[in-house]
Amino acid sequence: MIRMTTDTDDRRDIVPQALPAAYAHCAALVREGDHDRYIASLYAPEPQRQGLFALYAFSHEIARVREQVSEPLPGEVRLQWWRDLLEGDARGEAQAHPVAAALLDTVLRYRLPIAPLTGLIEARVFDLYDDPMPSLSDLEGYVGETSSALIRLASIILAEGRDPGGAAACGHAGVAYALTGLMRAFPWHSAAGQVYLPGDILSRNGVIRDDIVRGRGGPGVLYTLKELRGIARKHLKKLGELRETMPRAIAPAFLPMALVEPYLRRMERGGYDPFRTIITLPAWQRQWIIWRAARKAMRG
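Definitions and limits used
- Residues numbered from 1 in each chain as written.
- Predicted model: local features only at pLDDT ≥ 70, side-chain atom pairs only at ≥ 80, totals over all residues.
- Heavy atoms only, no water.
- Patch = residues over 30% accessible without salt bridge, like charges linked within 9 Å, V, L, I, M, F, W, Y side chains within 5 Å.
- Areas by Shrake-Rupley, 256 points an atom, 1.4 Å probe, with all protein chains shown as cover.
- Salt bridge = Lys/Arg side-chain N within 4 Å of Asp/Glu carboxyl O.
- Helix = DSSP H or I, 4+ residues; strand = E, 2+ residues; numbered from the N terminus.
- Buried < 20%, exposed > 50% of the residue type's maximum accessible area, 1.4 Å probe, protein only.
- Contact = heavy atoms within 4.5 Å.
- Core = buried A, V, L, I, M, F, W, Y, C linked by side-chain atoms within 4.5 Å.
- Expected span 1.5 Å × (residues − 1).
- Arc of directions from axis to C-beta.
- Lys, Arg positive; Asp, Glu negative; His and termini not counted.
- Charge placed at Lys NZ, Arg CZ, Asp CG, Glu CD.

A. How the structure looks around a nonpolar patch on the surface. A cluster of nonpolar side chains, Leu42, Tyr43, Trp284, Trp288 and Trp291, forms an exposed patch at the surface whose accessible area comes to about 550 Å². Within the fold, Trp288 resides in helix H16 (residues 283–299). You can call Trp288 partly exposed: its relative accessible area is 40%.

B. Quick look at the side chain of His235. As for its placement among the helices and strands, His235 is situated in helix H14 (residues 218–242). Once residues within four sequence positions are removed from consideration, His235 is found in contact with Glu140, His172, Val175 and Ala176.

C. Here's a closer look at the pattern of salt bridges. This structure, assessed with the given rule, holds 16 salt bridges. The partner of Asp105 in a salt bridge is Arg109, with the nearest N and O atoms 2.7 Å apart. One end of the pair, Asp105, and the other, Arg109, are both in helix H7 (residues 98–110), four residues apart, so they sit about a helical turn from each other. Here Glu261 ties to Arg265 by a salt bridge, and the two come within 3.7 Å at their closest N and O atoms.

D. Summary view of the nonpolar core. Counting 94 residues, the largest nonpolar core has Phe58, Trp82, Leu86, Ile212 and Phe254 as the members making the most contacts within it. For Phe58, the residues in contact, after removing those within four places along its chain, are Trp82, Leu86, Val99, Leu103, Leu117, Leu120 and Ile121.

E. Here's a closer look at helix H15 (residues 260–267). If you check which residues of H15 are buried, you get Val260, Pro262, Tyr263, Leu264 and Met267. Along its buried surface, H15 packs onto helix H3 (35–41), helix H10 (167–184), H14 and H16.

F. Inspection of helix H6 (residues 72–86) at higher detail. A rise of 1.5 Å per residue sets the reference length of H6, with its 15 residues, at 21 Å; its end C-alpha atoms lie 21 Å apart and thus fit the reference within 8%. Within H6, the full set of buried residues consists of Gly75, Leu79, Trp82, Arg83, Leu85 and Leu86. Looking straight down H6, one finds that the buried residues subtend no more than 165° of arc, so they occupy a single side. Structural note: H6 exposes Leu73 and Val77 on the side pointing more than 90 degrees away from its buried face. Tucked into the core, H6 has its buried residues touching helix H4 (46–63), helix H5 (65–68), H7 and helix H8 (114–123).

G. Here's a closer look at the side chain of Ser41. When you line up the elements, Ser41 lands in helix H3. By relative accessible area, Ser41 is classed as buried at 1%.

H. Summary view of the environment of Asp273. Structurally, Asp273 is set in the loop between H15 and H16. For Asp273, a relative accessible area of 22% translates into the label partly exposed. In this structure, the C-alpha to C-alpha distance between Asp273 and Gln50, residues 223 residues apart in sequence, is 39 Å.

I. Seen up close, a positive patch on the surface. Side chains of Arg243, Arg292, Arg295, Lys296 and Arg299 sit close together on the surface and give a patch of like positive charge. Following the sequence through the fold, Arg299 ends up in helix H16.

The following block contains the structure:
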């Protein structure tokens with residue numbers, strides 16, 4: 001496992017000479033593939049901004065593995081490479097991968113724990129297969145290992161390597177944000193044969209996996225999505241109740257949560273078809289919402 005140290009010699013062993021270029025690559029990748037988090041990161045202090053871009057670029061790389069392979073086995077091989085990298089077995093190979101190089105430097109610089117990073121990779125194995133999400137409990141576990149863990153790690157970076165507390169807030173924020181994201185991605189996931197809607201809720205509403213991948217499901221799908229919106233809002237409410245206990249320094253990690261309610265409201269407009277309606281907001285509106293949330297966070 002990588003030793004959690006900032007020793008210069010250790011860093012030379014695992015990062016390329018052009019580390020600034022690796023971080024610049026991460027920033028460009030996040031700007032293109034995860035724009036909401038990119039905008040939120042601009043409100044972080046400049047010294048920590050690079051670390052956030054490296055972390056988010058890593059998450060983006062892991063999330064898109066399925067898109068880059070034709071079957072699950074090559075995807076598992078790619079995910080295993082990232083595990084090996086974090087556990088020290090593929091350190092030399094980071095020289096040729098800018099995201100890997102920047103991530104390892106960030107891990108060392110901010111003493112990030114390895115377990116949440118490898119846990120995120122392990123959770124993403126689910127994405128490679130067409131198995132349906134069994135239950136709401138399984139779904140909350142999945143988003144906890146991915147979305148909530150990412151917010152937690154971002155908070156450590158913003159706290160300059162210290163534990164800032166706020167684990168419960170990270171948990172609620174991650175669930176609310178990820179559930180909303182999965183509902184927004186429903187048109188693409190269903191077309192690709194992926195079903196993230198919990199099987200227990202679908203069953204209660206008279207829907208099975210085949211209904212979804214064939215583009216049907218009727219009212220049962222709408223009822224399930226409505227229930228998930230309610231669950232997302234419950235977690236958003238709990239996050240709001242915890243805001244006063246959160247250090248102001250970690251606020252940038254939570255700024256994307258300001259978009260959850262606007263996205264949910266878009267799903268409740270007339271004519272919403274979960275298989276065809278693209279839930280988004282204009283770039284200027286997303287930037288304005290995040291700016292407003294940042295101003296509120298700075299005022300405390």
